[in-house]
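# What the coordinates show
Chain by chain, the residues:
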Amino acid sequence: MTVLDILQWPAMLVTIIAAWFVASSQRRRRRLGFWLYLAGNVLWALWGLHAQSWALIVLQVCLAAMNIRGERKAEPS
């Protein structure tokens, strides 16, 4: 098993932790969740490249874009 094969496990863990923080009522924790989600997107995309899972890569790009859009819309004007 290579390092890239194992990458799916940290990707899963980071994504779960991100979901926990994004659901927080504290802005600082939600902000941390945002960055963790982006890190999870990168990890999943890297694993997707290794596994040649093109749909997973496209999904991660779309999810990252929606996450960025949501963060921008949540910012006070």
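The rules we used
- Residues numbered from 1 in each chain as written.
- Predicted model: local features only at pLDDT ≥ 70, side-chain atom pairs only at ≥ 80, totals over all residues.
- Heavy atoms only, no water.
- Core = buried A, V, L, I, M, F, W, Y, C linked by side-chain atoms within 4.5 Å.
- Buried < 20%, exposed > 50% of the residue type's maximum accessible area, 1.4 Å probe, protein only.
- Helix = DSSP H or I, 4+ residues; strand = E, 2+ residues; numbered from the N terminus.
- Contact = heavy atoms within 4.5 Å.
- Axes fitted to C-alpha atoms, helices over the stretch in contact; angles between N-to-C directions.
- Parallel < 35°, antiparallel > 145°, perpendicular 65-115°, else oblique.
- Left-handed = near helix turned anticlockwise from the far one by under 90°.
- Nonpolar A, V, L, I, M, F, W, Y, C, P; charged D, E, K, R; others polar.
- Salt bridge = Lys/Arg side-chain N within 4 Å of Asp/Glu carboxyl O.
- Phe/Tyr/Trp six-rings, centres within 6.5 Å; stacked < 30°, edge-to-face > 60°.

## Structural notes on the nonpolar core
Counting residues in hydrophobic clusters, the biggest one holds 6 residues: Leu-7, Ala-11, Leu-43, Trp-44, Trp-47 and Leu-56. Sorting elements by how many residues they give to this core places helix α3 (residues 27-51) first, with 3 residues. For Leu-43, the residues in contact, after removing those within four places along its chain, are Leu-7, Pro-10, Ala-11 and Val-14.

## So, the packing of α3 against helix α4 (residues 54-74)
One can describe the packing of α3 onto α4 by two numbers: an axis separation of 8 Å at closest approach and a directional angle of 165 degrees. With respect to their mutual orientation, α3 and α4 come out roughly antiparallel. When the axes of α3 and α4 are compared, the crossing they make is left-handed. Contact residues: Arg-31, Phe-34, Tyr-37, Leu-38, Gly-40, Asn-41, Trp-44, Ala-45, Trp-47, Gly-48 and Leu-49 in α3; Trp-54, Leu-56, Ile-57, Gln-60, Leu-63, Ala-64, Asn-67, Ile-68 and Glu-71 in α4. The residue makeup of the contact of α3 with α4, split by class, is 13 nonpolar, 5 polar and 2 charged.

## Looking at the pattern of salt bridges
With the rule as written, the count across this model stands at 1 salt bridge. Linking Arg-31 and Glu-71 is a salt bridge whose minimum nitrogen-to-oxygen distance equals 2.2 Å. In this pair, Arg-31 is assigned in helix α3 and Glu-71 in helix α4, connecting sequence segments 40 residues apart. Take Arg-31: its relative accessible area is 32%, and that puts it in the partly exposed class.

## Notes on the packing of aromatic side chains
All told, the structure shown has 2 aromatic pairs when counted by the stated rule. Centroid distance Phe-34 to Trp-35: 5.0 Å. Interplanar angle 75 degrees. Geometry classified as edge-to-face. Overall, Phe-34 belongs to the buried group, its relative accessible area being 7%. Accessibility expressed as a relative area gives 52% for Trp-35, which makes it exposed.

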